[in-house]
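Each chain is listed here by its residues.
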Amino acid sequence: MGRSPAVWSLIMQSPRNGPPGYAASKKVLPVKLTQRKQRLNHTGRDNTMNQIRTILTEGDPRLRAVSQPVEEITSDIAKVISELHATLADFKARNGFGRALSAPQIGEPLHIVAVQLGGRPFTLINPLIVWRSEETRPVWDDCMSVPGHIANVRRHASISLTYQNKNGKTCHWHHLSASLAELIQHEVDHLDGLLMVDRIEHPEDLQPIARHAELIAPQRSEHRIKLEHIAAAARCITPTFLATPQYRSPSLDAALGVAMTVKVETLNPLRNFKGRGADHFVSHHVQQEQPAPLVCASAGNWGLAMAHACKQHGLPLSVFVADNANPLKVAGICALGAKVICMGADFDQAKQAAARFAKQNGSLFVEDGRQAAITEGAGTIAVEMLANGDTFDTLLVPLGNGALINGVGRWFKASSPATRVIGICPQGADATWQSWRRGTLVTNDRVDTMADGVAVRAPITEALEDMRDVVDDIWLVDEARIEEGMRLGLEHLGLLLEPAGALGLAAAYAMRDQWPQGAHIATILTGANPSPILTASLLAAFADT
């Protein structure tokens, strides 16, 4: 193995300045606006030049400077951020890899890191590691500033950090996965004037870049829910289901004691969010040379969505529902031309019957939460929620079979990682909550909740696995709180939500005295197809208030 003279020089000249994962914590003065302007003038950089900057490489002394905190996000700082992201995107387009780039790597000694994980690009300003796991592990690392090599270094398995986003809001990113923890520790090293070569312990820890695919790719596991597919779906799904309203209600904020943004997924022909995933899945399925007839099981909304998509594409569909399914939803499925088969005491029994029927008849059984394309279609909701630069501390997501939370959670964690993604389940249908907490599949003998749309007795294994890196927690709400969520939707938003569609409001109300001051939370209103009995009960209660 051979080292380039420049790399060897870097190793010899730069002693290790701290333990693995050392954070940018040196006491240095923040950049003042006047200082910043003077420094820009001294560099002689032409402000009219292309956004793409040159990435400094080994041997450039500017890579060894300790960067300075950003005190104020001025127009000059904003320009650096823009150029940093443009340079990172250009590098990735030309080289096929690259997830983050620090300001020192383009000659700007500032505490700024541009991150592009495949979702919406985001920026870490003044990142500070506030917690490190005791466990450390060796990882293979690459660096744009050491283009000819990769290095085996030891990093903390997980970290937590605080940072400011581009709007100056302080964010808290907790317990990063091993892959992201390695990435951020690498970038924080750049802010302290360190390179990956400073952390190698043995000669064989430095290898040529030609071994990148062999050594680095295997340690970065691929998620089955693809961010590029979510982005593509956001451009291709039938417009009927896209660009849904997103807003705040002052009276709802007051009732909840917190700033609450709602994403309304009920103002479409199906009155629920599932049209996105169904449309995305079926539009791909029909591209096969001989697409098989489709079969699904549903509490109602998924059947409506599949019936709508299959009607649009001229494909036969059989929908299995429980004997006690919402009659309005069943009527809607029939009106869309699907064949409805009532079988089973609950949704999970109907699902078992549907799977048997599909196998016996050469059809394809489509299960909401199992096929990746469905989840990726649901993920387009998150693309819209973050498209205008909104930031949220917490996202409350109704949780049934998991397509919604895994789709939106996947995009949020790659675009706004400090946002906590919380699943909301009914207390009377807690199998998913139990499975997630125990790390193993748990099934219940029965469910007892009015929220039929999320009344899951037997969770989907693939969906549980998808949740591992995108869900921060799962909360339970009781029936009284679910009723309260429906009332809040009617009273403050003028929406007659079904129980499952109001779970986020229910959870927010249950937490109304515990939200941190200044918090901004969000939820997705997923359905507005309550049963006739529930509708009558809710309207009667509302009339009495």
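Residues numbered from 1 in each chain as written. Predicted model: local features only at pLDDT ≥ 70, side-chain atom pairs only at ≥ 80, totals over all residues. Heavy atoms only, no water.

A. Structural context of the pattern of salt bridges. Under the defined criterion, the tally for this structure stands at 32 salt bridges. Of the charged contacts in the structure, one is a salt bridge between Arg-64 and Asp-198, with a shortest N-O distance of 2.6 Å. On the criterion of sequence distance, the pair formed by Arg-64 in the loop between α2 (33–43) and α3 (75–95) and Asp-198 in the loop between α4 (178–191) and β8 (206–208) is long-range, its members being 134 residues apart. You can call Arg-64 partly exposed: its relative accessible area is 22%. The salt bridge partner of Asp-253 is Arg-248, with a shortest N-O separation of 2.6 Å. Classification of Asp-253 by relative accessible area gives buried; the value is 11%. Members of the salt-bridge network, linked through shared partners, are Asp-348, Lys-351, Glu-367, Arg-370 and Glu-462. (Salt bridge = Lys/Arg side-chain N within 4 Å of Asp/Glu carboxyl O. Helix = DSSP H or I, 4+ residues; strand = E, 2+ residues; numbered from the N terminus. Buried < 20%, exposed > 50% of the residue type's maximum accessible area, 1.4 Å probe, protein only.)

B. The arrangement of the sheet that holds strand β1 (residues 100–102) in detail. A sheet is described by the order of its strands in space; here five strands give the open sequence β1-β2-β3-β6-β7, paired in antiparallel fashion. In this open sheet, the two strands that pair with only one neighbour each are β1 and β7 (170–173). In this sheet, neighbouring strand axes are inclined to one another by 35° on average, regardless of whether the strands run parallel or antiparallel. Here strand β6 (residues 159–164) pairs with β7 via four bridges, running antiparallel. Opposite Tyr-163, over in β7, you have Cys-171 as the bridge partner. Relative to the sheet, α3 contacts β1, β2 (112–115) and β3 (122–132), its axis offset from that of β2 by approximately 40°. (Pairing = 2+ DSSP bridges. Axes fitted to C-alpha atoms, helices over the stretch in contact; angles between N-to-C directions. Contact = heavy atoms within 4.5 Å.)

C. Layout of the packing of helix α8 (residues 275–285) against helix α9 (residues 301–313). At a closest axis distance of 8 Å, the pairing of α8 and α9 adopts a crossing angle of 40°. With respect to α9, the element α8 is oriented oblique. Judged by the sense of rotation from one axis to the other, the crossing of α8 with α9 is right-handed. The residues of α9 that touch α8, namely those facing Gly-275, Gly-277, Ala-278, Asp-279, Val-282 and Ser-283, are Trp-302, Ala-305, Met-306, Ala-309, Cys-310 and His-313. Across the contact of α8 with α9, the residue classes tally to seven nonpolar, four polar and one charged. (Parallel < 35°, antiparallel > 145°, perpendicular 65-115°, else oblique. Left-handed = near helix turned anticlockwise from the far one by under 90°. Nonpolar A, V, L, I, M, F, W, Y, C, P; charged D, E, K, R; others polar.)

D. Structural detail: unusual backbone geometry. Of note in this structure, Asn-126 is not a glycine but carries a positive phi near 55°. Looking at where Asn-126 falls in the secondary structure, it is placed in strand β3.

E. Looking closely at the packing of helix α6 (residues 227–236) against helix α14 (residues 403–415). Remark: α6 packs on α14, axes separated minimally by 10 Å, with the N-to-C direction vectors making an angle of 110°. Judged by the angle between their axes, α6 and α14 are roughly perpendicular. Contacts from Leu-227, Ile-230 and Ala-231 in α6 reach Gly-407, Arg-410, Trp-411 and Ala-414 in α14. Among the residues making up the contact of α6 with α14, the classes are represented as five nonpolar, one polar and one charged.

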